[in-house]
Amino acid sequence: MSEQKALLLDSKQGQFVVSTIPKPTSVPSGELLVKVKAAALNPVDWKIQSFGVFVENYPAVLGTDIAGDVEEVGEGVTGFSKGDRVVFQGFFTNDYAGFQQYTRVPAEIAAKADSGKVFILASGFCPVRPGYSISIQLLRLVKFSPIIAYASAHQFDYLKSLGATEFIDRKQVSFSDLPAAVKKITSEPVKFVYDAFSSADSEQAGYDVLADGGTIVVTTGDQIKTKVDGKKVLSVFGNVHPPFNREFGKAQYKNLTKFLEDGTIVPNRPEELPNGWLAFLTVWRD
C-alpha cells in the first residue's frame, strides 16, 4: 500500500477535506512508523484553521494527540517492537501529524501503552501543555498545596478526584472578582498561577492574584496589559518536538507509561466519535 487516507486542511484558513496522500515508505533512524488508531481533537487544530498559525505548507495534515500501533522501527531504536501500542504527540508538519492513517514519531518522545483503555484515552494527553485536568494532576504530583481550581461547580467532584483542594465557581465569580475570592480561601501569598484558558481577561485576573515574586504561566501568549514590577509572565509552547522542549519531553515520556498504568495520571475523559473523518468534519462544522 503506497497511499493512505488523510484529513487535509486544503489551504491557509481553508477547509478540511478527506483525500489520499503518499504513505511513508521508510522510517528514519531513531524514529517509529506508526499506524494511527486514535487521534484526539486539540484546540490548536481549530486555531490553526481559524488564525493561520504554526503551519507553513499546504495542504496540511493536522493532529497532535495520537495513539497507534508501531508498524516499523527505525535503526538505532531500542525498547520498541513492531505491534507495540504507543501514545505520543504530533507536530505541525505532515510527516509527524495525526489525522492520517500512518505517521512518524521520534522514539525518544513516544511511550508504550499496553492497556487497551490507556491506549484509547491517552490520545488526549499533551505533556508540555497539559489541559486543565492534567495540570491539576501534575501539580498534585509535585506536591503543590493548596491547589485552587476555578471552574464550573458541576466539575468540582471530578477535579477533587484529580487533586484540586479548593474551588471557585467561575459562573458565580467573574474574572475581576477572582483575586478577592482567592483571598477568602487562603491568606498565604499565591506564588504560581497556571492559566489553561488564557484570554486577555483571564490572564489579567491570574496576574492580579499573584503575590510579589510570583509567576503566571499562560498558553496563548502574554496578553496582560496592566503590570507591576516583581511579577513574572511565562508563556509556554506546548509541544515536545522542538529542540528547546525536547529534553523535558524525553523525561516525561520516559515515565508516562508507568504514570498512566498506576493511575498517577488519569487521561482526559473522552467522547469517542464513530465513522472516522466524517464524524470529525461533522463536529468541526457544528
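Just above sits the structure.
Here's a quick rundown of the structure. Everything quoted here is computed from the prediction, not taken from an experiment.

Quick word on the pattern of salt bridges
Move 1: In this structure the tally under the stated criterion is 9 salt bridges.
Move 2: Close ionic contact of K82 with E71 constitutes a salt bridge, the shortest N to O distance being 3.7 Å. Placement of K82 in the loop between strand 5 (65-73) and strand 6 (85-89) and of E71 in strand 5 is noted, with a sequence separation of 11 residues between them.
Move 3: Judged by relative accessible area, which is 25%, E71 ranks as partly exposed.
Move 4: The salt bridge partner of K250 is E108, with a shortest N-O separation of 3.9 Å.

A few points about the side chain of S152
Move 1: Among the structural elements, S152 can be located in the loop between strand 9 (148-151) and helix 4 (156-162).
Move 2: Classification of S152 by relative accessible area gives buried; the value is 6%.
Move 3: Not counting residues up to four positions away in its chain, the partners in contact with S152 are D169, R170 and K171.

Concerning the sheet that holds strand 2 (residues 16-22)
Move 1: In space, the 3 strands of this open sheet follow the order 2-1-4, with antiparallel pairing throughout. Strands at the two margins of the open sheet, each flanked by one partner only, are strand 2 and strand 4 (60-61).
Move 2: Both strand 1 (residues 3-9) and strand 2 contribute to a ladder of 7 bridges, which runs antiparallel. Bridge pairing links Q4 to I21 in strand 2.

Section: the nonpolar core
One recurring pattern in soluble globular proteins is that nonpolar side chains are buried together.
Move 1: Ranked by size, the top nonpolar core spans 24 residues in total, and within it L32, F80, F88 and V105 carry the most contacts.
Move 2: The set of elements that each furnish at least two residues to this core consists of strand 3 (31-40), strand 5, strand 6, strand 8 (110-112) and helix 7 (243-261).
Move 3: Counting residues per element, this core draws most heavily on strand 3, at 4 residues.
Move 4: Discounting residues that sit within four places of it in the chain, F88 has contacts with V34, T64, D65, I66, T103, R104, V105, I109, A110 and Y253.

Here's the deal with unusual backbone geometry
Most peptide bonds take the trans configuration, and most residues that are not glycine carry a negative phi.
Move 1: Along the chain, Y58 connects to P59 via a cis peptide bond; the corresponding omega equals 0 degrees.
Move 2: Looking at where P59 falls in the secondary structure, it is placed in the loop between helix 1 (43-51) and strand 4.
Move 3: In this structure, the amide linkage connecting S145 to the following residue, P146, adopts the cis form with an omega of -10 degrees.
Move 4: On the secondary structure map, P146 appears in the loop between helix 3 (132-141) and strand 9.
Move 5: Backbone geometry at S198 places phi at a positive 60 degrees, although glycine is not the residue there.
Move 6: Its location among the elements puts S198 in the loop between strand 11 (192-195) and helix 6 (200-209).

Let's talk about the packing of aromatic side chains
Move 1: In total, this model carries 9 aromatic pairs according to the counting rule given.
Move 2: Between the aromatic rings of F54 and F92, the centroid separation amounts to 4.9 Å while the plane-to-plane angle is 5 degrees, which identifies the pairing as stacked. Of this pair, F54 sits in the loop between helix 1 and strand 4 while F92 sits in the loop between strand 6 and strand 7 (102-106), and the two are 38 residues apart along the sequence.
Move 3: According to the relative accessible area criterion, F54 is partly exposed, its value standing at 43%.
Move 4: Linked through ring pairs, F54, F91, F92, F237 and F244 together constitute an aromatic cluster.
Move 5: The ring of Y102 has K23 sitting right over it, with the charged end atom 4.2 Å from the ring centre.
Move 6: Over the aromatic face of Y207 sits the side chain of K231, whose NZ or CZ is 5.0 Å from the ring centroid.

A few points about the sheet that holds strand 11
Move 1: Pairing within the open sheet is parallel, and its 3 strands lie in the order 11-12-13. The open sheet terminates on both sides in strands that have one partner only, identified here as strand 11 and strand 13 (232-235). Going across the sheet, the axis of each strand differs from the next one's by a mean of 20 degrees, ignoring polarity.
Move 2: By the bridge criterion, 4 bridges tie strand 11 to strand 12 (residues 215-218) in an arrangement that is parallel. Considered in strand 12, the bridge of V193 is made with I216.

Things to note about the packing of helix 5 (residues 178-185) against helix 6
Move 1: The geometry of helix 5 relative to helix 6 is characterised by a closest axis approach of 8 Å and an angle of 40 degrees between their N-to-C directions. Considering their axes alone, helix 5 and helix 6 lie oblique with respect to each other. Along this stretch, helix 5 crosses helix 6, giving a crossing that reads as right-handed. Across the interface between the two elements, L178, P179 and V182 of helix 5 pack against A205, D208 and V209 of helix 6.

Rules behind the numbers
- Residues numbered from 1 in each chain as written.
- Predicted model: local features only at pLDDT ≥ 70, side-chain atom pairs only at ≥ 80, totals over all residues.
- Heavy atoms only, no water.
- Salt bridge = Lys/Arg side-chain N within 4 Å of Asp/Glu carboxyl O.
- Helix = DSSP H or I, 4+ residues; strand = E, 2+ residues; numbered from the N terminus.
- Buried < 20%, exposed > 50% of the residue type's maximum accessible area, 1.4 Å probe, protein only.
- Contact = heavy atoms within 4.5 Å.
- Pairing = 2+ DSSP bridges.
- Core = buried A, V, L, I, M, F, W, Y, C linked by side-chain atoms within 4.5 Å.
- Phe/Tyr/Trp six-rings, centres within 6.5 Å; stacked < 30°, edge-to-face > 60°.
- Lys NZ or Arg CZ within 6 Å of the ring centre and 35° of its normal.
- Axes fitted to C-alpha atoms, helices over the stretch in contact; angles between N-to-C directions.
- Parallel < 35°, antiparallel > 145°, perpendicular 65-115°, else oblique.
- Left-handed = near helix turned anticlockwise from the far one by under 90°.

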